[in-house]
Amino acid sequence: MYLYLNLPHWCTDMDKYDKVIDLCKRRGFFWPASEIYGGVAGFLDFGPLGTMLKRNIERRWRETFIHKNHGIVYEIETPVITPSKVFEASGHVENFTDVIVECTSCHKKFRADHIIIEQAGEVPGIEGKTAAQLDEIISTNHVVCTECGGALGKVSNFNLLFKTNIGPYSENVAYLRPEAAQGMFTNFKSIYTAMRERLPLGLAQIGKVARNEISPRQGPLRLREFTIMEVEFFFDPKNPTCTLLEQVYDKELRLLTEDLVAAEKTDPIEVTVREALSERLIKSDWLAYFMALSTDFISELGAPHNSQMFVGKLAKERAHYSAQTFDQLVKLDRWGWVEVSGHAYRTDYDLSRHQQYSGQDLGVFRKYDVPKKTRVLVAKPRVDLISREYQSETGKILAALKSIDAASLRSKLAAGNVVVDGSTIRPELVEFMEKEESVTGERFIPHVAEPSFGADRLTYLALECAYNEKGDRTILSLPRSIAPVKICVFPLVNKDGINEKAQAIFDAIRSDGFIADFDDGGSIGRRYARSDEIGAPIAITVDYQTMNDDTVTIRDRDNWAQSRISARDLRSYLKEYFCIR
RNA sequence: GCGGCCGUGGUCUAGUCCGGUCUAGGAUAAAAGCUUCCCAAGCUUUGGAUCCCGGGUUCGAAUCCCGGCGGCCGCACCA
């Protein structure tokens, strides 16, 4: 009856999230920031293993989205602190807010526009209303607290941007960026020029962003400061074909299309990229291409194919500049379907806004294959006759005539005299002729497809997917490509020169560039258990046989199988095992 | 932000109702050594908690009261 006393901690009633978080703290992956002062919600400190894991995920993302597409996609780096103007242009200062209204008696908070629609019905253009306008609507429609019927207070805006000042001048307002995207937009034109004016062009960034969330929960999944990995992919809307599509045509995507979402379905359909595009389920080739890369990338981190899907956002749910948005969701144990990336077709919204706010020309020139020749009607005033008749008025009359469209001027004069700027013009004072003009191209603002990932969420995702228990032991089956420690080296016993031999092999492995641990403490079983728990894919054990024939055992983390190989072949074995060329 | 539950070594937990016997017990993890021919074995030793923070009540507070912070859940909110 006392069977349950003195059970180790991992037998207690914890769900997978708790177990992963517990492991992260114990083994040094991550934990709440500023913990010695009580911690603060929405911030995370990464320890040695967590930092290595996160960097490996970032590196694999960089390889997948940037290096694989080198020549088209380039990584850049821009500051976190960004002048106010940038976010005024992007719309964040105005729109990255929630309109909140609080009940004066029970202090519940509501989103002001939602509670109005709920009680007063649809209000046209409610999204653009100011707080004062919403106050007005609340009082004229007698909108009250849904919970207790109490009176509502004043509507206020809560902006999710973190605010700061640049230098000692308080009027020099800046914000911490809430997305890295704006740095790509503000630099687009100069990079486009520097990279020899080629489209398509992708700009990518991996960096910190900050959002002052009202109430962050869910540990590493919702942070106030986190690492974002984004590509802003610029292309010509009149030439939207993805040149890399054949690489991914047959990849399967699990899609919950906008139609399915509207019909309140929850099971995605499975289609190839080819089908998704031919049936117009995805409206942009490039969006589809990045969605295919994302599926592979998330799979590589350990998420099974059938716990992933892309969910289409309905028109009313997505930002007004977006022609189409898919969220990529992965199913987690406690939290259910969680967004790990967003794929938005942002059109030309951002560049157009920055063009407007900065006064800089952010468009590019599209040359026609053959110059367009058009015949245009030109009005030619008879300057000699006009000047003789009107003398000093001539200049004014010529300017006035120039401002009138040639075709309409001709039809008016055909009907008789025309009064221009107070002067009467007789038909014979203007001649008309047709002229041929050649136009070599046109200017346009590129469109943008944006895949965007949260690195911290992905780190948690990889840990949760890797988390396994075998009997009373924990095994972190992290994919080889991202496991922080690749190899653990153990002497089976610490005598008869075995330790020294193991140390020599360990040194050789490290000098080949592998991150490896050496452990000679405690029993061999304990050391295997420790290396499993930090997710080292293989352990190399030096035993008595090594001393005779120079072979070592290689022990697999996931199935505990052992094989012997010659120490001489270790280097090439490891390079192949970890796919290092 | 609101409501509920909660906060004790790195981790999990006993003790909290009914204040003193708690200079806070256990397990596990960690470190040093012994042992050990392959999966958290065993033995010895060691370090580590002013009981989330602040205030109050009391002769005396981990324990009672108030405030704050943090966590989880629900509501609300949110890429």
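Our structure is the block above this text.
Overview of the structure. (Residues numbered from 1 in each chain as written. Chains lettered and ligands numbered in written order. Predicted model: local features only at pLDDT ≥ 70, side-chain atom pairs only at ≥ 80, totals over all residues. Heavy atoms only, no water.)

Topic: the packing of aromatic side chains
Here's step 1: In total, this model carries 24 aromatic pairs according to the counting rule given.
Here's step 2: Aromatic side chains phenylalanine 65 and phenylalanine 297 sit 6.0 Å apart centroid to centroid with 85° between the ring planes, which places their arrangement in the edge-to-face category. Highlighted residues: phenylalanine 65 in helix α2 (residues 48-66) and phenylalanine 297 in helix α10 (residues 285-300), separated in sequence by 232 residues.
Here's step 3: Given the relative accessible area of 0%, phenylalanine 65 is considered buried.
Here's step 4: The exposure class assigned to phenylalanine 297 is buried, which follows from its relative accessible area of 1%.
Here's step 5: Ring centres of phenylalanine 514 and phenylalanine 578 lie 5.7 Å apart, and the angle between their planes is 50°; this geometry places the pair in the tilted category. Of the two residues, phenylalanine 514 is situated in the loop between α16 (498-511) and β25 (516-518) and phenylalanine 578 in the segment after α19 (570-577); the sequence distance between them amounts to 64 residues. Here the two residues phenylalanine 514 and phenylalanine 578 agree in accessibility, since each one is buried. (Phe/Tyr/Trp six-rings, centres within 6.5 Å; stacked < 30°, edge-to-face > 60°. Helix = DSSP H or I, 4+ residues; strand = E, 2+ residues; numbered from the N terminus. Buried < 20%, exposed > 50% of the residue type's maximum accessible area, 1.4 Å probe, protein only.)

Side note on the packing of helix α12 (residues 383-390) against helix α13 (residues 394-402)
Here's step 1: Interaxial distance between α12 and α13 falls to 9 Å at its minimum, and their mutual angle equals 135°. Considering the angle they form, α12 stands oblique to α13. Crossing of α12 over α13 shows right-handed handedness. Residues Val383, Ile386, Ser387 and Tyr390 of α12 pack against Thr394, Ile397, Leu398 and Leu401 of α13. (Axes fitted to C-alpha atoms, helices over the stretch in contact; angles between N-to-C directions. Parallel < 35°, antiparallel > 145°, perpendicular 65-115°, else oblique. Left-handed = near helix turned anticlockwise from the far one by under 90°. Contact = heavy atoms within 4.5 Å.)

Regarding the environment of aspartate 333
Here's step 1: Among the secondary structure elements, aspartate 333 is positioned in the loop between β15 (324-332) and β16 (336-347).
Here's step 2: Classification of aspartate 333 as partly exposed rests on a relative accessible area of 46%.
Here's step 3: Along the primary structure aspartate 333 and serine 299 are separated by 34 residues, whereas in three dimensions their C-alpha atoms are 17 Å apart.
Here's step 4: Separated by 3.4 Å, the side chain of aspartate 333 and the backbone nitrogen of lysine 16 make a polar contact. (Polar contact = N/O pair within 3.5 Å; in protein donor to acceptor, adjacent residues only side chain to side chain.)

Some words on the sheet that holds strand β13 (residues 269-272)
Here's step 1: With mixed pairing, the 9 strands of this open sheet are ordered in space as β3-β10-β11-β21-β16-β15-β14-β12-β13. Among the strands making up the open sheet, the edge pair consists of β3 (73-75) and β13. Sheet twist, expressed as the mean angle between neighbouring strand axes with direction ignored, is 30°.
Here's step 2: Relative to strand β21 (residues 447-454), strand β11 (residues 225-235) runs antiparallel, the two sharing 6 bridges. Its bridge partner being in β21, phenylalanine 234 is matched across the sheet by valine 448.
Here's step 3: Packed onto the sheet, helix α7 (residues 181-194) meets β10 (201-210), β11, β16 and β21 and runs at close to 145° relative to β10. (Pairing = 2+ DSSP bridges.)

Brief notes about the environment of lysine 163
Here's step 1: With respect to the helices and strands, the residue lysine 163 is situated in strand β8 (residues 163-165).
Here's step 2: Taking the C-alpha atoms as reference points, lysine 163 and serine 84, 79 residues apart in sequence, are found 9.0 Å from one another.
Here's step 3: Dropping the residues within four chain positions of it, lysine 163 is found in contact with Val173, Ala174 and Tyr175.

Some words on the packing of helix α1 (residues 16-27) against helix α15 (residues 455-466)
Here's step 1: Interhelical geometry of α1 versus α15 gives an angle of 110° and a closest axis separation of 10 Å. Comparing the axis directions of α1 and α15 gives the class roughly perpendicular. Along its contact with α1, which presents Lys16, Tyr17, Val20, Ile21 and Cys24, the element α15 presents Tyr460, Leu463 and Glu464.
Here's step 2: Classifying every residue of the contact of α1 with α15 gives 6 nonpolar, no polar and 2 charged. (Nonpolar A, V, L, I, M, F, W, Y, C, P; charged D, E, K, R; others polar.)

All we've got here are geometric facts, nothing functional implied.
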